[in-house]
Amino acid sequence: FVIEDYLTTVFAKKFAKAEDAAFIGGNGDDMPMGILHTENGAEIGATSAAMNSISFDELTRLYFSVKPDYRSNAVWMMNDETAQTLRTLKDAVGNFLWRGGPESLMGTPVVISNAMPSIAPGTKPVAFGDFSYYWVVVRSPLTVRPLNELFAARSQSGYLGNEVLDGRLIRPEAVKVLQMKAAE
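Residues numbered from 1 in each chain as written. Predicted model: local features only at pLDDT ≥ 70, side-chain atom pairs only at ≥ 80, totals over all residues. Heavy atoms only, no water.

Draft legend 1. A look at helix H4 (residues 80-87). Along H4, the residues that are buried comprise Thr-82, Ala-83 and Leu-86. Taken end-on, H4 shows its buried residues confined to a sector of 100°, consistent with a single buried face. Looking at the buried side of H4, the elements it contacts are helix H2 (56-65), strand S2 (75-78), strand S4 (108-112) and strand S5 (126-129). With a side-chain oxygen lying 3.1 Å from the backbone nitrogen of Glu-81, the N-terminal cap of H4 falls on Asn-79. (Buried < 20%, exposed > 50% of the residue type's maximum accessible area, 1.4 Å probe, protein only. Helix = DSSP H or I, 4+ residues; strand = E, 2+ residues; numbered from the N terminus. Arc of directions from axis to C-beta. Contact = heavy atoms within 4.5 Å. Polar contact = N/O pair within 3.5 Å; in protein donor to acceptor, adjacent residues only side chain to side chain.)

Have a look at this one:
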């Protein structure tokens, strides 16, 4: 049993959750500039008319707010709660508007990231576009080092996981978000 290999796997899972949150909501201060950043993130493609609900028409406006060049590789991004809400939307005669498999909406893949905010006043719960324009730079890959001296007095071993990376959306027009109406 090689403890460093095991810890690398455990650390990788923990780091991945933190990276997901930073790549989506990061403010650029000691973390990546997230996709939802107000000035340097994705552009607003559509705004909801309500504070706590999304209509299929608003999703359609978001879809067509992205230029066709970016739509060919585009995906939807939202959290589980938002996806569940959108799956329940029906037309006037009771037909579900999100048809087909749960992995595509309007023929385009859906990526679930629970780092995305839920539907609430002022949030950006849905993003759509070509996320290949969000660049990630890995300056130092994940490493795990033993800290033998620090814990030697107690006959223990410690381990340090370290990784240095950055990220930024280099073409803000490639990804658009749905902005929820703010509270009044």
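Structure's up, so let's keep going.
Draft legend 2. Broad picture of the layout of surface pockets. Taken as a whole, the largest pocket encloses approximately 220 Å³ of empty space. Lining the largest pocket are Phe-15, Ala-18, Glu-19, Ala-22, Phe-23, Asp-30, Met-31, Pro-32, Glu-163, Leu-165 and Asp-166. Mapped onto the lining of the largest pocket, the elements with two or more residues apiece are helix H1 (3-25) and strand S7 (159-169). If one sorts the elements of the lining of the largest pocket by residue count, H1 sits on top with 5 residues. Residues of the lining of the largest pocket, tallied by class, amount to 7 nonpolar, no polar and 4 charged. (1 Å grid on protein atoms, 1.4 Å probe; cavity = no way out; pocket = protein on both sides within 12 Å on 5 of 7 lines; lining within 4 Å. Points joined across faces, edges and corners; volume = space filled by probe spheres on them. Nonpolar A, V, L, I, M, F, W, Y, C, P; charged D, E, K, R; others polar.)

Draft legend 3. Just unusual backbone geometry, in detail. Its identity as a non-glycine residue notwithstanding, Asp-30 has a phi of 60°, on the positive side. Tracing the backbone shows Asp-30 in the loop between H1 and strand S1 (43-47). With phi around 55°, Met-106 is a residue other than glycine that occupies positive phi space. Looking at where Met-106 falls in the secondary structure, it is placed in the loop between strand S3 (104-105) and S4. The exposure class of Met-106 is partly exposed, given its relative accessible area of 29%.

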